[in-house]
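Listed here are the chains, written in short residue letters.
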Amino acid sequence: MLKKFSVRNYKNFKEEIDIDFSNTAGYQFSTDCIYEGLISKMLIYGRNATGKTNLGKALTDICSTMFQAPRFMNDGVFLNADSQEEAAVFSYEFIFEGQQLIYQYARYSDLELQWEKLSINDKTIFDCNFALGKFNFDNLKYIDAETANIERYTQSLEEGEEADKAVSKENCP
């Protein structure tokens, strides 16, 4: 289950906003909203144009990132217009059978990641900085994925960059 979520520099969230689903104070009146010590049902309300929909989009951005599912594209600005940061930063902390999994990433836009990192129980499994071309896959064995073909993965990233450059050149007058 999702234990904590944070987002920064995304749409109307210039400053980091954090939701801690383990902070169950105030839910004493409705214990059916608590499951395994985490808030499982939550209602978010507020005036129009205060960010409720954008918070929902931020919470579900992980689905588009992980599974290349359809994203809320062409619905306006991705980054916060008042921020000097070049990417929006997302962080998801999950608890699965007592294990802590943290997946974090930064996006320049709907389509482009700056970096991503996966940690399990405070051990970094992988850390990829796409902007700098630096990749750390040293702990794939921790999740029994040491046979993953990292060379093919990094090569596909390079091929993707070359394809992007070719398309850009084609579109230039």
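Scoring rules and cut-offs
Residues numbered from 1 in each chain as written. Predicted model: local features only at pLDDT ≥ 70, side-chain atom pairs only at ≥ 80, totals over all residues. Heavy atoms only, no water. Helix = DSSP H or I, 4+ residues; strand = E, 2+ residues; numbered from the N terminus. Buried < 20%, exposed > 50% of the residue type's maximum accessible area, 1.4 Å probe, protein only. Contact = heavy atoms within 4.5 Å. Core = buried A, V, L, I, M, F, W, Y, C linked by side-chain atoms within 4.5 Å. Pairing = 2+ DSSP bridges. Axes fitted to C-alpha atoms, helices over the stretch in contact; angles between N-to-C directions. pLDDT = per-residue confidence, 0-100. Phe/Tyr/Trp six-rings, centres within 6.5 Å; stacked < 30°, edge-to-face > 60°. Lys NZ or Arg CZ within 6 Å of the ring centre and 35° of its normal.

Brief notes about the overall build of the protein
If you tally the helices and strands in the protein, you get 2 helices and 9 strands. The N-to-C order of helical and strand elements in the protein reads β-β-β-β-α-β-β-β-β-β-α. Here the protein holds 173 residues, and the buried ones make up 32% of them. Contacts in the protein between residues at least 24 apart in sequence constitute 38% of all its contacts with a sequence separation of at least 6.

Structural notes on unusual backbone geometry
Of note in this structure, K11 is not a glycine but carries a positive phi near 45°. Secondary-structure assignment places K11 in the loop between β1 (2–8) and β2 (17–20).

Focus on the nonpolar core
Counting 27 residues, the largest nonpolar core has F5, V7, Y10, F90, Y92, Y105 and F126 as the members making the most contacts within it. For this core, the secondary structure elements donating two or more residues are β1, α1 (52–67), β5 (88–96), β6 (99–107), β7 (113–120) and β8 (123–129). For this core, the element with the most residues is β5, which contributes 4 residues. Setting aside anything within four residues of it in sequence, one finds Y10 in contact with N54, K57, A58, F78, N80, A88 and F90.

Describing the sheet that holds β7
The 7 strands lie next to each other as β2-β1-β5-β6-β7-β8-β9, forming an open sheet whose pairing is antiparallel. The sheet terminates laterally at β2 and β9 (134–136), the two strands that pair on one side only. Across the sheet, the axes of successive neighbouring strands diverge by a mean angle of 10°, strand direction being ignored. Together, β1, β2, β5, β6 and β7 form the strand contacts of α1, whose direction differs from that of β6 by roughly 95°.

Side note on the pairing of β6
The sheet contact formed by β5 and β6 spans 9 bridges and is antiparallel. Counted as the bridge partner of F90 is Y105 from β6. Hairpin connection of β5 to β6: 2 residues between the antiparallel strands, including E97 at a positive phi of 45°. Relative to β7, β6 runs antiparallel, the two being bridged by 7 bridges. Across the sheet, the residue bridging to A106 is W115, located in β7. With antiparallel pairing between neighbouring strands as the criterion, β6 and β7 make up a hairpin whose turn holds 5 residues.

Looking at the confidence of the model for the protein
Summing up the model confidence of the protein, the mean pLDDT is 85 and the portion of residues at 70 or higher is 85%. Counting interchain partners and residues more than four positions distant, the pLDDT-below-50 stretch residues 163–173 has 0 contacts.

Notes on the packing of aromatic side chains
A full pass over the atoms with the stated rule returns 14 aromatic pairs. Judged by centre distance (6.1 Å) and plane angle (20°), the ring pair of Y92 and Y105 falls under stacked. With a gap of 13 residues between them, Y92 in strand β5 and Y105 in strand β6 connect regions that are remote in the sequence. On the basis of relative accessible area, Y92 is assigned to the buried category, the value being 1%. Classification of Y105 as buried rests on a relative accessible area of 0%. Each ring, one from Y103 and one from Y105, has its centre 5.3 Å from the other, and the planes form 45°; the classification is tilted. Counting every residue linked through ring pairs, the aromatic cluster contains F5, Y10, F78, F90, Y92, F94, F96, Y103 and Y105. Seen from the ring of Y142, K123 lies directly overhead, with NZ or CZ sitting 5.6 Å from the centre.

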